[in-house]
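# Chain and residue survey
So the chains spell out like this:
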Amino acid sequence: MGHWPLCIRGDRDWGTQANMARAEQEGIPYLFKLRMTSKVKQTVERLMRDAEWCDAGQGWQGAETTLRLSGWSRARRAVVLRRRIKADLAVVEQGDPEQLRLSFAELTDETIVYEYAVLVTSLPHEILSVAQLYRDRADAENPFDELKNHWGWGGFTTRDIKRCRFMARITALTYNWWSLFVRLADPTRHTEAITSRPLLLSAPARLTRHGGQTRLTISHPHAEAGWVEATCREITAFFNTLRRTAEQLSPLQRWYRLLSRALVKYLNGRQLQPPAVLPAPA
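Computed from a prediction, not measured in an experiment: that's the story for all the values here.

About the criteria used
- Residues numbered from 1 in each chain as written.
- Predicted model: local features only at pLDDT ≥ 70, side-chain atom pairs only at ≥ 80, totals over all residues.
- Heavy atoms only, no water.
- Axes fitted to C-alpha atoms, helices over the stretch in contact; angles between N-to-C directions.
- Helix = DSSP H or I, 4+ residues; strand = E, 2+ residues; numbered from the N terminus.
- Parallel < 35°, antiparallel > 145°, perpendicular 65-115°, else oblique.
- Left-handed = near helix turned anticlockwise from the far one by under 90°.
- Contact = heavy atoms within 4.5 Å.
- Nonpolar A, V, L, I, M, F, W, Y, C, P; charged D, E, K, R; others polar.
- Pairing = 2+ DSSP bridges.

### A look at the packing of helix H4 (residues 161-185) against helix H5 (residues 193-201)
One way to put it is that H4 packs onto H5 with a least axis distance of 11 Å and a crossing angle of 65°. Viewed along their axes, H4 and H5 adopt a mutual orientation that is roughly perpendicular. Between H4 and H5 lies a crossing whose hand is left-handed. On H5, the residues that touch Trp-178, Phe-181, Val-182 and Ala-185 of H4 are Ser-196, Arg-197, Leu-200 and Leu-201. Considering only residue class, the contact of H4 with H5 consists of 6 nonpolar, 1 polar and 1 charged.

### Regarding the packing of helix H3 (residues 127-150) against H4
Between H3 and H4, the least distance of the axes is 11 Å, while the angle of their chain directions is 115°. The chirality of how H3 crosses H4 is right-handed. Across from Pro-143, Glu-146 and Leu-147 in H3, the residues of H4 making contact are Thr-171, Ala-172 and Tyr-175. Classifying every residue of the contact of H3 with H4 by side-chain character gives 4 nonpolar, 1 polar and 1 charged.

### Examining the sheet that holds strand E2 (residues 30-33)
In space, the 6 strands of this open sheet follow the order E1-E2-E8-E5-E4-E3, with mixed pairing throughout. The open sheet terminates on both sides in strands that have one partner only, identified here as strand E1 (8-10) and strand E3 (54-57). Strand after strand, the sheet turns through a mean of 30° between neighbouring axes, direction not considered. Where E3 and strand E4 (residues 60-67) come together, 3 bridges link them in antiparallel fashion. The residue of E4 that forms the bridge with Gly-57 is Trp-60. Relative to the sheet, H3 contacts E1, E2, E3, E4, strand E5 (76-85) and strand E8 (113-121), its axis offset from that of E3 by approximately 25°.

So, in structure tokens, the structure goes:
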């Protein structure tokens, strides 16, 4: 029981009577997304018209109600989230498969368009916390999606479990190292491999030697070549500074210097320090 989850979060495939009933039976809180069935859409329509909406964070608004769908054993708490779409829209009409028609829709102040989602939960938290918990679920799932689709974590099979584990660990280690390197380049955000690899790796280089000097010329075809050059110079300057003081630091302290720069967004400029050594047992 000590290793059971404090809460179960899942997308719309998890919002079923069987999953919710089992979680309720075991006493585990849950937070699931619901499919947009006709009754769920009727609930959204009613709340859009009558509910008092409150702040749900990151531009979202939330309202709650009690909902019982067909097949459910009882009514459950539902939270409806909505966020206004302010940008102009591009609409693709697929009536003729041979020729797609593209039209543009400009949103005015008289036209209000929302994206929305409906959550079902047994949590007692206020709407803002429920909405943030579900956003955290998506954030936690994205690295696994990236590992499978961009790094090939799910692209190998063998009956030898030892080789499977070995390859999985190599892939995860490569992903971790690359993510940290990209964070050194841009500490403000996480950039997926599908964009960061072409940006930072696809640059042919030519090595020339003349007059006792060696020159490495890099030709970057990307439109962001200027940003890449400036970023690489900053990383080089950081490692040069670290190299000058590295002899005074232990390997763990050097590692903490690297992490402090890569994770500066979360540390707000604070330097990580190795944990204090526990006293030896008497």
